[in-house]
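Commentary on secondary and tertiary structure
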Amino acid sequence: MKWSIDSKTTVLLTLVLFIIILCSLVSYQNIQQLHQISLELKNTQQTVVEIRTLFSDVKDSRIGQQGYLLTGNKEYLESYKTAINKINSKFDSLQVLIGDNLKQEYKFNLLKPLITAQISEWEKKIQLRKSQEDEAALPKTKANLGKHRIINNIRSIIKEMEADAEDFMSINSRLAETDFQRTILLNTTGCGLILLFGATTFRKLNHVISCYLELEKSKENNDILWQQLAENLTVVFWMCDVKENKVIYISPAYEQVWGRTCESLYENFSSFIQSIHSDDRAKVLANLRDNVKKHFDIEYRIIRPDGSIRWINVRGFPIRNQAGEIHRQAGFAQDITESKEQETQIQQLNKSLEQRVRKRTNQLEEANRQLEAFAYSASHDLQEPLRIIQGFALAILEDYGNQQHPTAVDYLQRIVNNAQHMERLTRNLLDYSRLSNQEILIQPVSLALIVNDSLKQLNLKIIEKQAKITVQESLPIVLGNYFYLLQVVTNLLSNAIKFVAPNVFPQIKIYATQEIGYIRLWVEDNAIGIPSESKERIFEVFNRLHGSDLYSGTGIGLAIVRKAMERMGGRFGVESVVNQGSQFWIELPII
């Protein structure tokens with residue numbers, strides 16, 4: 001089959017257009033990537049500047065603080081306060097800049113507590129200096145200047161953040177260079193192909209252009225083509241004379257959308273204004289007045305002769321004559337009632353869904369409050385009858401034990417033992433419930449004080465089990481809650497003393513290690529150990545690895561450890577080998 005010249009031309013033009021679009025799309029994608037990389041590089045550069053400025057402000061505040069401590073001159077104190085205000089401002093700006101960088105955000109979360117802790121330490125020394133204004137207090141103030149351990153940690157983290165940012169900028173720069181070269185190569189290739197096809201089709205395009213020029217000369221043919229196009233559109237095509245304020249053309253689709261005849265609009269332009277909904281009429285008139293000489297896009301309602309209301313979207317644009325003057329305005333109007341109704345339904349559904357979610361959330365919160373209240377009340381109310389059962393059973397054993405049959409004595413002893421176990425269980429449940437609903441105050445806490453108070457509580461058990469406990473000297477200070485930490489350490493030590501093999505004396509080591517920004521406290525024992533598959537399960541409520549006949553307990557102790565550490569924002573875990581002991585650890589921010 002032989003192709004006509006028009007057919008070949010159409011195929012070649014289609015191929016050229018396809019290549020242009022393909023090249024444009026790929027080039028656009030590369031440009032977008034370059035733009036994104038540019039923004040990330042700019043953001044990273046600003047982050048580096050902010051980090052360096054932050055450290056400079058920290059050093060300025062340190063100089064101001066030390067100057068005031070050494071001289072008592074309040075000008076140094078003003079310099080210190082100005083630097084502190086800048087530091088707080090830098091915290092906010094850095095938080096925004098590194099919001100999308102998880103690695104930088106992690107290190108920022110380490111840096112911020114260190115700086116805050118350092119500022120708190122400086123404030124204490126300033127207050128001490130304020131209370132010792134005389135010259136005799138100067139030697140003591142100099143002695144209180146302290147070491148710079150926290151400053152060194154701050155400097156280390158800032159250097160790491162700067163190094164990470166520089167690595168990030170280096171990687172992105174290489175990516176940008178690669179994308180740039182790829183874009184140049186693609187554009188060059190595309191332009192070459194376009195020129196090749198353009199040269200091939202130039203002769204054929206001449207024939208097509210001459211045909212179109214001959215067709216354009218025939219006004220009658222143009223009018224026919226234009227009218228056929230307009231009349232077959234499903235949207236309303238319109239054209240107006242802006243000077244005479246009248247309709248030049250309106251497509252037949254107007255009758256289907258407006259429910260009025262085209263002739264009525266030609267005869268009376270005001271009928272268009274009258275069809276507009278009264279609530280939207282002022283908006284439409286203002287749009288017609290203000291947008292005669294530019295493009296516009298507006299939505300409004302009309303009222304059809306049968307009383308039905310339809311939503312209309314109208315888009316218009318100006319048309320200039322040979323002199324460059326705007327003499328006409330044309331555009332399209334489309335019935336968008338169905339999409340508007342769907343949009344309204346979606347909004348109503350979203351609103352209904354939000355209400356249901358809010359109601360369900362309130363119900364869940366209320367249920368949680370009631371459950372916590374019930375657990376607290378049940379644990380508290382159960383203790384009194386248990387004490388009565390235990391008291392009467394002990395009274396019978398003490399007063400009438402010699403008169404009872406050995407079996408009866410055994411039964412009574414079992415009642416006492418189980419009542420005591422139940423009392424411990426309810427007491428632990430009460431402690432666990434309090435962990436969930438009590439307000440918690442996070443503040444500096446001495447691990448040395450916590451360990452010492454815990455050993456005092458467990459003194460009788462330590463003597464009874466002949467336990468040997470070794471405690472590291474000078475345990476550090478961490479951010480936590482005294483009562484929660486005391487309960488955690490007491491539970492860990494109690495387990496280390498209890499879970500040893502028969503005829504084995506407990507040997508326990510307590511020591512601390514320091515990570516970047518965190519302190520990890522270890523409780524190492526020579527107990528029976530924990531299987532690897534049970535290392536996570538033991539921190540759940542009522543999970544016991546051994547029966548109560550071997551080792552007493554309620555199965556809540558380690559659950560309390562987990563809950564308390566979660567409330568303090570810390571971490572916990574265990575490293576253990578069966579029959580070789582365990583190493584329980586807790587982790588909290590360092591001061």
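Let me begin by describing the structure that accompanies this report. (Residues numbered from 1 in each chain as written. Predicted model: local features only at pLDDT ≥ 70, side-chain atom pairs only at ≥ 80, totals over all residues. Heavy atoms only, no water.)

**Some thoughts on the overall build of the protein**
The number of helices and strands found in the protein is 16 helices and 12 strands. Within the protein, the proportion of its 591 residues that are buried is 35%. For the protein, contacts bridging at least 24 residues in sequence account for 64% of all contacts bridging at least 6. Summing over all exposed atoms, the protein offers an accessible surface of approximately 36,000 Å²; the carbon and sulfur share of this is 55%. (Helix = DSSP H or I, 4+ residues; strand = E, 2+ residues; numbered from the N terminus. Buried < 20%, exposed > 50% of the residue type's maximum accessible area, 1.4 Å probe, protein only. Contact = heavy atoms within 4.5 Å. Areas by Shrake-Rupley, 256 points an atom, 1.4 Å probe, with all protein chains shown as cover.)

**Concerning the pattern of salt bridges**
The full count for this structure, using the stated rule, is 8 salt bridges. Between Asp280 and Arg301 there is a salt bridge, with the nearest N and O atoms lying 2.9 Å from each other. Of this pair, Asp280 sits in helix α10 (residues 278-290) while Arg301 sits in strand β3 (residues 296-303), and the two are 21 residues apart along the sequence. Put simply, Glu299 and Lys340 hold a salt bridge, and the shortest N to O gap is 3.0 Å. Here Glu299 is found in strand β3, whereas its partner Lys340 is found in helix α11 (residues 337-400), with 41 residues between them in sequence. (Salt bridge = Lys/Arg side-chain N within 4 Å of Asp/Glu carboxyl O.)

**Some details on the sheet that holds strand β9 (residues 507-515)**
Taken together, the 5 strands give an open sheet; going across it, the order is β7-β9-β10-β12-β11, and neighbouring strands pair in mixed fashion. Looking at strand neighbours, the two that pair on one side only are β7 (468-471) and β11 (571-576), the edges of this open sheet. On average, adjacent strands in this sheet sit at an angle of 20° to one another, irrespective of strand direction. Taken together, the 7 bridges between strand β10 (residues 518-524) and strand β12 (residues 582-589) define a ladder with antiparallel strand orientation. Across the sheet, the residue bridging to Val523 is Phe584, located in β12. The sheet contacts of helix α15 (residues 482-498) involve β9, β10 and β12, and relative to β12 the element is tilted by about 170°. (Pairing = 2+ DSSP bridges. Axes fitted to C-alpha atoms, helices over the stretch in contact; angles between N-to-C directions.)

**Some words on the nonpolar core**
Formed by 63 residues in total, the largest nonpolar core has its most connected members in Ile115, Ile154 and Leu485. If sequence neighbours within four positions are ignored, Ile154 has contacts with Phe55, Leu111, Leu114, Ile115 and Gln118. (Core = buried A, V, L, I, M, F, W, Y, C linked by side-chain atoms within 4.5 Å.)

**Section: the packing of aromatic side chains**
Evaluated as defined, the whole model comprises 8 aromatic pairs. When the centroid spacing of 6.3 Å and the interplanar angle of 70° are considered together, the rings of Phe539 and Phe584 count as edge-to-face. Here Phe539, found in the loop between β10 and α16 (557-567), pairs with Phe584, found in strand β12; they are 45 residues apart in sequence, far enough to count as distant. You can call Phe539 buried: its relative accessible area is 5%. Pairwise contacts between aromatic rings join Phe237, Tyr249 and Phe332 into one cluster. One cation-aromatic arrangement involves Lys340 over Trp311; the distance from NZ or CZ to the ring centre is 4.6 Å. Across the ring face of Trp585, the terminal group of Arg520 is positioned such that the distance to the ring centre comes to 3.7 Å. (Phe/Tyr/Trp six-rings, centres within 6.5 Å; stacked < 30°, edge-to-face > 60°. Lys NZ or Arg CZ within 6 Å of the ring centre and 35° of its normal.)

**A word on the packing of helix α2 (residues 74-97) against helix α3 (residues 102-130)**
Axis separation between α2 and α3 bottoms out at 12 Å; the angle between their running directions is 165°. By the criterion of interaxial angle, the relationship of α2 to α3 is roughly antiparallel. The interaxial crossing formed by α2 with α3 has left-handed handedness. The segment α2 lies against α3, with Leu77, Tyr80, Ile84, Ile87, Phe91, Leu94 and Gln95 engaging Glu105, Phe108, Lys112, Ile115, Thr116, Ile119, Trp122, Glu123, Ile126 and Lys130. Class assignment for the residues of the contact of α2 with α3 results in 11 nonpolar, 2 polar and 4 charged. (Parallel < 35°, antiparallel > 145°, perpendicular 65-115°, else oblique. Left-handed = near helix turned anticlockwise from the far one by under 90°. Nonpolar A, V, L, I, M, F, W, Y, C, P; charged D, E, K, R; others polar.)

Any functional reading would require information beyond the geometric quantities listed.
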